[in-house]
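Working through the structure, step by step
Chain residues, written in single-letter form:
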Number of protein chains: 2
Amino acid sequence: MDCIKATLDRIKPVNPDLLERAQLLLDNKTKPLGSLGRLEEFARRVSAISGSQQPDVSKKVVFTFAGDHGIVEEGVSLFPKEVTPQMVLNFLSGGAGINVLARHVGADVRVVDVGVDYDFAEVTGLIHKKVSNGTQNFAKGPAMTREEMLTALNVGIELAEQCRIEGVGLVGTGEMGIGNTTPSSAIIAAISGKTVAEVTHRGTGIGDEALLNKIRVIEQGLGINKPDPADPLDVLTKVGGLEIAAIAGLVLGCAANSIPVVIDGFISTAGALIASELHPNVRDYIFAAHQSVEIGHRFMLERIGARPILDLDFRLGEGTGAALAMGLIEAGVKILNEMATFEQAGVSR
Amino acid sequence: MDCIKATLDRIKPVNPDLLERAQLLLDNKTKPLGSLGRLEEFARRVSAISGSQQPDVSKKVVFTFAGDHGIVEEGVSLFPKEVTPQMVLNFLSGGAGINVLARHVGADVRVVDVGVDYDFAEVTGLIHKKVSNGTQNFAKGPAMTREEMLTALNVGIELAEQCRIEGVGLVGTGEMGIGNTTPSSAIIAAISGKTVAEVTHRGTGIGDEALLNKIRVIEQGLGINKPDPADPLDVLTKVGGLEIAAIAGLVLGCAANSIPVVIDGFISTAGALIASELHPNVRDYIFAAHQSVEIGHRFMLERIGARPILDLDFRLGEGTGAALAMGLIEAGVKILNEMATFEQAGVSR
């Protein structure tokens with residue numbers, strides 16, 4: 001818990017003077033004032049977060065955290081649990097959606113095992129940070145011990161520290177874990193007080209009957225575990241997931257290290273929500289990549305206070321939405337760094 | 001008119017079998033069915049339009065057409081008319097917004113003078129297709145002669161033909177012309193029957209009084225010219241612009257040559273609207289880049305039947321929204337071309 005506290009203590013609000021200074025630079029570019037809309041917002045925020053008037057986001061990394069979920073034994077997912085390690089291997093060989101989209105925007109994909117129920121011992125290219133072989137079934141008791149949750153959270157924090165050392169300018173979050181929309185719905189229900197039905201959707205594509213079962217299972221899990229909404233780490237421990245804890249840690253670590261962090265869809269936003277409930281200033285460092293098809297997502301974004309960048313009907317996860325949004329954020333930074341001013345171009349105001 | 005007719009005759013509807021075949025390929029990729037949402041739509045449509053199951057969009061071009069407008073003498077714009085040629089020179093030296101964003105997505109920018117009131121004779125790098133030194137003031141009479149309109153339309157058609165010869169896989173539209181939101185509002189008002197006030201907005205950022213004047217000027221122009229809503233080329237001639245005519249031609253030419261075309265914001269969509277009113281199948285080839293801040297834009301998109309890809313509060317033009325959307329469309333194509341199938345990756349369905 002000491003490491004978490006030390007990280008929280010380092011999270012400062014972004015300086016509004018730096019936002020204003022960046023906007024002044026943008027206002028000198030050869031375009032009508034404000035006419036590049038949100039691209040100017042991205043440029044202004046990345047400039048203020050990084051403390052640079054020429055931010056460098058050439059190094060971009062998407063972290064895809066993988067973990068398994070005891071809750072899948074309740075039949076909440078369309079896909080079998082074996083798909084989690086199979087997809088991890090797919091990420092490592094470059095054939096998954098996140099690989100294609102990260103390559104497209106010039107970002108690295110780093111795949112982190114925080115809790116897959118599979119022995120990857122001989123596998124290279126993977127970041128080995130397994131905390132356990134997946135969570136327990138939270139319909140019957142806590143998903144994790146407090147110790148496991150803290151260990152997974154620290155995995156994320158340490159990866160963010162490493163990014164600062166490497167000079168990574170923009171970080172994206174992603175995840176893989178069969179069944180993980182279920183803990184994500186449980187987290188937003190627990191924290192917001194919304195009913196489970198209001199925040200629970202079809203995940204990879206379950207039918208009506210399976211959706212009713214998923215809602216019932218989450219209600220049972222919340223009833224048995226009674227997570228304390230005022231204690232985000234209690235919620236995370238009891239009904240969360242190891243990859244969600246790692247994402248929460250990554251977001252905290254990015255905020256502590258002044259790195260803008262782009263959160264992907266429903267599951268990633270559950271992690272970011274935990275982080276922003278722990279410290280309000282975390283919000284200053286978050287970019288919400290996209291609006292997910294999952295119905296609970298908008299309540300998370302409202303609570304974080306983030307407006308999604310894209311709305312492309314995604315519901316894949318892995319970091320796919322984050323990757324595309326990182327490309328747009330970089331476009332905004334290039335507007336700041338590369339566009340001519342009225343003076344340079346000899347254009348009348 | 002013969003060349004226009006020949007072009008219209010070549011525009012076929014996109015084959016629905018090809019759309020279905022592309023979706024089958026996407027459904028074999030390692031992801032839940034349909035989980036990449038609109039990216040799958042982009043891949044499917046580009047595949048069907050180009051007639052290839054491995055579409056090549058590596059060659060991408062944004063055309064930025066420039067023209068001046070007699071209507072500016074009515075005080076409809078915040079910027080003086082000199083800014084049109086100044087910005088053309090800015091495009092050619094690579095310092096404008098469109099240059100930055102096109103570079104970011106790997107697209108070429110081709111700048112076309114169709115009607116700037118400036119002598120670019122000695123300027124290299126520009127595509128010289130000047131039809132006249134700008135339109136006439138349409139508050140007092142027709143903006144162009146029918147001959148001028150047809151010449152400008154043909155400029156766009158011929159550039160699309162050239163793209164087919166060069167193997168360009170994706171075309172974007174853009175424009176520069178101080179005052180050109182005014183003819184664009186006039187076009188959508190004339191074609192849709194909406195009131196001028198419903199479709200007229202602040203352009204580069206005019207105040208309340210100037211907005212009322214802009215509305216009054218457009219009403220006067222429509223009253224004097226009486227464009228025939230059933231004859232899109234009459235609307236274009238009387239209250240349009242040379243760059244808008246060239247964009248209409250480019251869209252027609254892309255449709256005739258089976259090239260997907262990404263239309264930028266308000267002014268580009270006015271051109272695309274003329275094209276899609278001329279031939280309904282044109283719609284099959286159009287991608288709407290983004291939702292502009294201009295209030296008349298959504299009526300144009302509704303009439304074309306296109307859902308915008310991005311919503312980033314842009315109101316710059318030049319092709320800036322088109323460039324970013326082209327990057328996303330290419331991402332969709334890469335999903336089709338590069339993602340592993342369940343079989344290749346050994347992932348359970």
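What you see is a predicted model, and the numbers here were worked out from it, not measured in a lab. (Residues numbered from 1 in each chain as written. Chains lettered and ligands numbered in written order. Predicted model: local features only at pLDDT ≥ 70, side-chain atom pairs only at ≥ 80, totals over all residues. Heavy atoms only, no water.)

1. Overview of the interface of chain B and chain A
Under the convention used in this document: Residues are treated as being in contact if the distance between any of their heavy atoms lies within 4.5 Å. Once two parts are brought into contact, the accessible area they lose, counted with a 1.4 Å probe and summed over both, makes up the buried area. By convention in these notes, a salt bridge is any Lys or Arg side-chain nitrogen within 4 Å of a carboxyl oxygen on Asp or Glu.
Each partner contributes to the interface: chain B provides 52 residues, whereas chain A provides 52 residues. Each partner contributes to the roughly 4100 Å² buried at the junction of chain B and chain A, and carbon and sulfur atoms together form 63% of this total. By the criterion of area lost to chain A, the three top residues of chain B are P32, H104 and L312 of chain B, representing 13% of everything that side buries. The interface formed by chain B and chain A holds four salt bridges in total.

2. As for the environment of P229 of chain A
Residue and element names in this part refer to chain A. Under the convention used in this document: To qualify as a helix, a DSSP run of H or I must reach at least 4 residues; to qualify as a strand, a run of E must reach at least 2; elements of each kind are numbered from the N terminus.
Within the secondary structure, P229 is located in the loop between α9 (208-225) and α10 (232-239). Counting along the chain gives 114 residues from P229 to E343, while the straight-line C-alpha distance between them is 54 Å. Discounting chain neighbours no more than four positions away, the residues touching P229 are A190, I191 and V235.

3. Brief notes about unusual backbone geometry
All names here are of chain A. Put simply, the test is: Relative accessibility under 20% of the residue-type maximum defines a buried residue, over 50% an exposed one, and the middle range a partly exposed one, all with a 1.4 Å probe and only protein chains included.
Even without a glycine there, the phi angle at S258 is positive, about 60°. Along the chain, S258 falls in the loop between α11 (242-256) and β5 (261-263). Its relative accessible area of 35% is what places S258 among the partly exposed residues. Backbone geometry at D313 places phi at a positive 60°, although glycine is not the residue there. The exposure class assigned to D313 is partly exposed, which follows from its relative accessible area of 28%.

4. A word on the domain arrangement of chain A
Residues and elements named next belong to chain A. Using the following cut-off: All domain edges in this entry derive from an automatic or database-based domain assignment.
We note that the domain assignment places domain 1 (2-54 + 336-345) and domain 2 (60-330) within chain A. In this structure, domain 1 and domain 2 have C-alpha centres spaced 28 Å apart. Between domain 1 and domain 2, the buried area comes to about 1900 Å², and carbon and sulfur atoms account for 64% of it. On the surface where domain 1 and domain 2 come into contact, there are one salt bridge.

5. Some thoughts on the sheet that holds β5 of chain A
The strands making up a sheet associate through backbone hydrogen bonding, with each pair oriented either parallel or antiparallel. Residue and element names in this part refer to chain A. How we decide: Here, any two strands with at least 2 DSSP bridges between them count as paired. Interaxial angle, 0 to 180 degrees, is taken between N-to-C directions of lines fitted to C-alpha atoms, where a helix line uses only the stretch in contact.
Taken in spatial order, the six strands line up as β3-β2-β1-β4-β5-β6 in an open sheet, and their pairing is parallel. Each edge of the open sheet is held by one strand with a lone partner, namely β3 (127-128) and β6 (286-288). When strand β4 (residues 170-176) meets β5, the two strands line up parallel, connected through two bridges. Bridging from a neighbouring strand, G172 pairs with V262 of β5. Together, β1 (60-67), β4, β5 and β6 form the strand contacts of helix α14 (residues 320-338), whose direction differs from that of β4 by roughly 170°.

6. Notes on the sheet that holds strand β6 (residues 286-288) of chain B
Strand order in the open sheet formed by six strands is β3-β2-β1-β4-β5-β6 (chain B), and the pairing between neighbours is parallel. Bordering the open sheet on either side are β3 (127-128) and β6 of chain B, each of which pairs with just one other strand.

7. Quick word on the relation of the copies chain B and chain A
We count it as follows: Superposing copies: least-squares fit, C-alpha atoms only, residues required to have pLDDT of at least 70 in both.
Take chain B, turn it by 180°, move it 0.0 Å along the axis, and it overlays chain A with an RMSD of 0.0 Å. Given the turn and translation reported, the copies of this chain are related as if by a two-fold rotation axis. Relative to the rotation axis, the closest C-alpha in chain B is found at L310 of chain B, a distance of 3.3 Å. The share of interface residues of chain B whose copies in chain A are also at the interface is 100%, consistent with both copies meeting through the same surface.

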